[in-house]
Number of protein chains: 2
Amino acid sequence: MMLKKGFRILGIDDGPFTFQARGRLGKVPIVGVVMRGKDYLEGIWVSEITVDGNDATDKIAEMINNSRFKSHIRAVLINGGAVGGFNVIDISSLHKQTGLPVITLTRHKPDFDDIEKALKAHFKDWKKRLAVLRRHRLISIPTGRNPLYAKSTGIKKQDVIEMICASTKRGNMPECLRIAHIVASAIVRGESYGNA
Amino acid sequence: MMLKKGFRILGIDDGPFTFQARGRLGKVPIVGVVMRGKDYLEGIWVSEITVDGNDATDKIAEMINNSRFKSHIRAVLINGGAVGGFNVIDISSLHKQTGLPVITLTRHKPDFDDIEKALKAHFKDWKKRLAVLRRHRLISIPTGRNPLYAKSTGIKKQDVIEMICASTKRGNMPECLRIAHIVASAIVRGESYGNA
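Residues numbered from 1 in each chain as written. Chains lettered and ligands numbered in written order. Predicted model: local features only at pLDDT ≥ 70, side-chain atom pairs only at ≥ 80, totals over all residues. Heavy atoms only, no water.

Caption draft 1: Focus on the overall build of chain A. Regarding its fold elements, chain A presents six helices and nine strands. Taken against the 2.2 N^0.38 rule, which gives 16 Å for 196 residues, the C-alpha radius of gyration of chain A at 16 Å falls within 12% of a compact globule. For the C-alpha atoms alone, the extent of chain A along its principal axes is close to 45 × 35 × 35 Å. Going through the 196 residues of chain A one by one, you find that 56% of them count as buried. In chain A, the share of contacts with a sequence separation of at least 24, taken over all contacts with a separation of at least 6, comes to 65%. (Helix = DSSP H or I, 4+ residues; strand = E, 2+ residues; numbered from the N terminus. Rg over C-alpha atoms; globule rule 2.2 N^0.38 Å. Buried < 20%, exposed > 50% of the residue type's maximum accessible area, 1.4 Å probe, protein only. Contact = heavy atoms within 4.5 Å.)

Caption draft 2: Spatial organisation of the interface of chain B and chain A. Across the contact, 28 residues belong to chain B and 28 residues belong to chain A. Contact between chain B and chain A buries roughly 2,200 Å² in total, counting both sides, with carbon and sulfur atoms accounting for 52%. There are zero salt bridges connecting chain B and chain A. Where chain B touches chain A, the interface holds 16 residue pairs in polar contact (both at pLDDT 80 or more). (Buried area = accessible area lost by both parts, 1.4 Å probe. Salt bridge = Lys/Arg side-chain N within 4 Å of Asp/Glu carboxyl O. Polar contact = N/O pair within 3.5 Å; in protein donor to acceptor, adjacent residues only side chain to side chain.)

Caption draft 3: Just helix 1 (residues 56–66) of chain B, in detail. Residues of helix 1 of chain B that are buried: B:A56, B:T57, B:I60, B:A61, B:M63 and B:I64. Projected down its long axis, helix 1 of chain B shows its buried positions confined to an angular sector of 165°, all on one face. (Arc of directions from axis to C-beta.)

Caption draft 4: Seen up close, the packing of helix 1 of chain B against helix 2 (residues 91–98) of chain B. Residue and element names in this part refer to chain B. In contact at an axis separation of 9 Å, helix 1 and helix 2 are set at 25° when each is read in the N-to-C sense. As summarised for this structure, helix 1 and helix 2 are arranged roughly parallel, according to the angle between their axes. Like other packed secondary-structure pairs, helix 1 and helix 2 cross with a definite hand, here right-handed. Across from T57, D58, I60, A61, I64 and N65 in helix 1, the residues of helix 2 making contact are S93, L94, Q97 and T98. For the contact of helix 1 with helix 2, the class distribution of residues is four nonpolar, five polar and one charged. (Axes fitted to C-alpha atoms, helices over the stretch in contact; angles between N-to-C directions. Parallel < 35°, antiparallel > 145°, perpendicular 65-115°, else oblique. Left-handed = near helix turned anticlockwise from the far one by under 90°. Nonpolar A, V, L, I, M, F, W, Y, C, P; charged D, E, K, R; others polar.)

Caption draft 5: Up close: the pairing of strand 1 (residues 8–14) of chain B. Residue and element names in this part refer to chain B. Among the seven residues of strand 1, six are classified as buried, and the element is accordingly described as predominantly covered. Note that strand 1 and strand 2 (residues 27–36) share seven bridges and pair antiparallel. Directly across from I9, in strand 2, lies its bridge partner M35. Relative to strand 4 (residues 73–79), strand 1 runs parallel, the two being bridged by five bridges. Counted as the bridge partner of G11 is L77 from strand 4. (Pairing = 2+ DSSP bridges.)

Caption draft 6: The sheet that holds strand 9 (residues 148–153) of chain A, seen in detail. Residues and elements named next belong to chain A. Taking strand neighbours across the sheet as the criterion, the seven strands line up as 3-2-1-4-7-9-8 in an open arrangement whose pairing is mixed. The open sheet has two edge strands with one neighbour each: strand 3 (40–50) and strand 8 (139–141). Averaged over all pairs of adjacent strands, the angle between their axes in this sheet comes to 25°, without regard to strand direction. In the packing of helix 5 (residues 157–166) onto the sheet, the strands contacted are strand 1 (8–14), strand 4 (73–79), strand 7 (102–106), strand 8 and strand 9, and the crossing angle to strand 8 comes to about 30°.

Caption draft 7: Looking closely at helix 2 of chain B. Residues and elements named next belong to chain B. Inspection of helix 2 places I91, L94 and T98 among the buried residues, and these make up the whole buried set. An end-on view of helix 2 places all buried positions within 55° of arc, on one side of the element. Buried residues along helix 2 sit in contact with helix 1, strand 4, strand 7 (102–106) and strand 9 (148–153). At the N-terminal end of helix 2, a side-chain oxygen is found 3.1 Å from the backbone nitrogen of S92, two or three residues along, and the residue is D90. Count one or two residues on from helix 2 and you reach G99, which has phi positive near 75°.

Structure follows, in structure tokens:
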């Protein structure tokens, strides 16, 4: 895709939540970080979504569409296929609502048998959530010692790999996601801990 | 002082607040950002202080002393001599409580006549707040097109200048303060605006 130096990318992560928040419609912050490539942080937004709810896709679309950074953003990266527990992100809908390529990333290969069990135990609409999570082909991204796993829409596989590599500074997680994780964690806990 | 490459620095800024919060003991977030020099964000903490209160110095000291980053931090930078309106920071006390060099920075040369008027109009203890703000010598830092103004304790003037220059990426504000401003602004407003 020949990324311009200083291309803008948006990384989204959620804050940690306690299991007490489950089933009580607890809220958890989600944080978006806009960076130029891997080097320069340009802006941050903070919103919140419902733990195990259904509002993540539309909340994220709304934040993107209202953001003054929108016209500059080349792609949206999300840490995981769901935020706030099983608040599943429908990347097709997010792509349609925003017009932007959307990529979800995970450190571990999703185990859909385990996910199905967990969804069945907690949700009447488990089939619907599982179908959204299963949709789109999983690709592995050869970054660092450990690969990352990605699903994407609105962007070619080769471009996903190029974009992730160009936005990663250390380790294998793109800088915008690493910082989104730190901010979301600090909002919930007072001080940030752990890796995205 | 011969800063090691990758020296750690902590930058602190407060979030914006409305004038309605004045006199009602409203709270405003303060955000600390730990960076290695100007390039790598390592951690963030979030706390809150009282608008126009007296708790900023002790709250900041507590956050620093409880932080897992403390032993790595070489200096504390604060955006302005007060946070949350006139919640004045006593840098001598902060230095004594934490053992770390403390530097406050402002873009504009403080006008102590104006500050005195504002303090007199709002605070019974205006003399005490003014005395803390006046304490320590103001130095100008020759960065970029516009100088910055600094007060400091526990560190030599020449080292203040070296440290600020080594932790600034673009413009004249150290990167840890620029990012602390963005995070604090996003927590209050949902999306970050403006410059530190």
